[in-house]
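One-letter residues, chain by chain:
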Amino acid sequence: MIPEGQPAPDFTLPDQSGAETTLSGLRGSPVVLYFYPKDDTSGCTKEACAFRDGFPDFQAAGAVVLGVSPDSSASHAKFAAKHALPFTLLADVDKAVCETYGVWREKSMYGRKYMGVERTTYVIDRDGKIARVFPKVKIPGHAEAVLQATRALS
């Protein structure tokens, strides 16, 4: 994990339409960078829909919301269309950004160990520094907590 107060590592990734998004190009706005394991799974859908439902409030706070997972742009496009997601989903298919941000980790399910994304959200301030880190996210109430942290940057 990258500690609060440190500069957010820059990256460029394709979004759900194939267009590239570069983090440093968003300076001047707070950025909600949320990492999630997989498109259209139950937990990830609940999290995405919570950000969708709160999206007008994030916009009012001047924030940009970016979801990142190792899924492809095509997978993201289907996920965004199915659930009417109004924000950008970024495809980190080689997991380089997930590794840089410390969210690509060993996980365990039913005694089986595997590598995957540990659900984590970073709130990045207007100057490109990590303002808040939400590790090991529990979905209920998460979007609201992130919104409060984002509003605190104003």
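Residues numbered from 1 in each chain as written. Predicted model: local features only at pLDDT ≥ 70, side-chain atom pairs only at ≥ 80, totals over all residues. Heavy atoms only, no water.

A. The nonpolar core, seen in detail. In terms of nonpolar packing, the biggest core is built from 22 residues, with Y34, F51, F58, F87 and L89 touching the most fellow members. Elements with a minimum of two residues in this core: strand 3 (31–35), helix 1 (42–53), helix 2 (55–60), helix 3 (73–82) and helix 5 (142–151). Examining the composition of this core, we find that four residues originate from one element, helix 5, more than from any other. Among all residues touching Y34, those that are not within four sequence positions of it are E47, A48, F51, V65, L66, G67, V68, F87, L89, T120 and T121. Formed by 20 residues, the second largest nonpolar core is a distinct cluster that contains F35, V103, I124 and I130. (Core = buried A, V, L, I, M, F, W, Y, C linked by side-chain atoms within 4.5 Å. Buried < 20%, exposed > 50% of the residue type's maximum accessible area, 1.4 Å probe, protein only. Helix = DSSP H or I, 4+ residues; strand = E, 2+ residues; numbered from the N terminus. Contact = heavy atoms within 4.5 Å.)

B. A look at the packing of helix 1 against helix 5. Axis separation between helix 1 and helix 5 bottoms out at 9 Å; the angle between their running directions is 45 degrees. On the basis of their axis angle, the class for helix 1 and helix 5 is oblique. Regarding helix 1 and helix 5, the two cross each other, and that crossing is right-handed. Within the contact between the two elements, helix 1 uses E47, A50 and F51 and helix 5 uses H142, A143 and V146. (Axes fitted to C-alpha atoms, helices over the stretch in contact; angles between N-to-C directions. Parallel < 35°, antiparallel > 145°, perpendicular 65-115°, else oblique. Left-handed = near helix turned anticlockwise from the far one by under 90°.)

C. The arrangement of the pairing of strand 9 (residues 130–134) in detail. Pairing geometry for strand 8 (residues 120–124) and strand 9, over four bridges, is antiparallel. Bridge pairing in strand 9 places I124 opposite I130. The hairpin turn running from strand 8 into strand 9, its antiparallel successor, is five residues long, and G128 in that turn takes a positive phi close to 85 degrees. (Pairing = 2+ DSSP bridges.)

D. Focus on the sheet that holds strand 4 (residues 64–69). In spatial order, the strands read 5-4-3-8-9; together these five strands make up an open sheet with mixed pairing. What marks the edges here is a single partner per strand, and that holds for strand 5 (88–91) and strand 9. For this sheet the average axis-to-axis angle between neighbouring strands, irrespective of direction, equals 20 degrees. Sheet analysis places strand 3 next to strand 8, joined by five bridges and oriented antiparallel. Pairing of V31 across the sheet is with I124, part of strand 8.

E. Quick peek at the layout of surface pockets. Estimated volume of the largest pocket: approximately 190 Å³. Taken together, the residues of the lining of the largest pocket break down into four nonpolar, no polar and five charged. Looking at the second largest pocket, its volume works out to about 160 Å³. Surrounding the second largest pocket, P37, K38, P70, W104, K107, M109, Y114, M115, G116 and V117 form its lining. Mapped by element, the contributors of at least two residues to the lining of the second largest pocket are strand 6 (104–109) and strand 7 (112–117). The dominant element in the lining of the second largest pocket, judged by the number of residues it contributes, is strand 7, at four residues. Taken together, the residues of the lining of the second largest pocket sort by class into seven nonpolar, one polar and two charged. (1 Å grid on protein atoms, 1.4 Å probe; cavity = no way out; pocket = protein on both sides within 12 Å on 5 of 7 lines; lining within 4 Å. Points joined across faces, edges and corners; volume = space filled by probe spheres on them. Nonpolar A, V, L, I, M, F, W, Y, C, P; charged D, E, K, R; others polar.)

F. A look at the pattern of salt bridges. Taken as a whole and assessed by the stated rule, the structure comprises seven salt bridges. R132 is paired through a salt bridge with E4; the nearest N and O atoms lie 3.9 Å apart. Pair noted here: R132 is in strand 9 and E4 is in the segment before strand 1 (12–14), with a separation of 128 residues, a long-range link. A relative accessible area of 45% places E4 in the partly exposed class. Between D40 and K82 there is a salt bridge, with its nearest N and O atoms 2.9 Å apart. With D40 in the loop between strand 3 and helix 1 and K82 in helix 3, this pair connects stretches of sequence that are 42 residues apart. The exposure class assigned to D40 is partly exposed, which follows from its relative accessible area of 36%. On the basis of relative accessibility, which here comes to 57%, the residue K82 falls in the exposed class. (Salt bridge = Lys/Arg side-chain N within 4 Å of Asp/Glu carboxyl O.)

Honestly, that's just the spatial picture; any functional story needs more than this.
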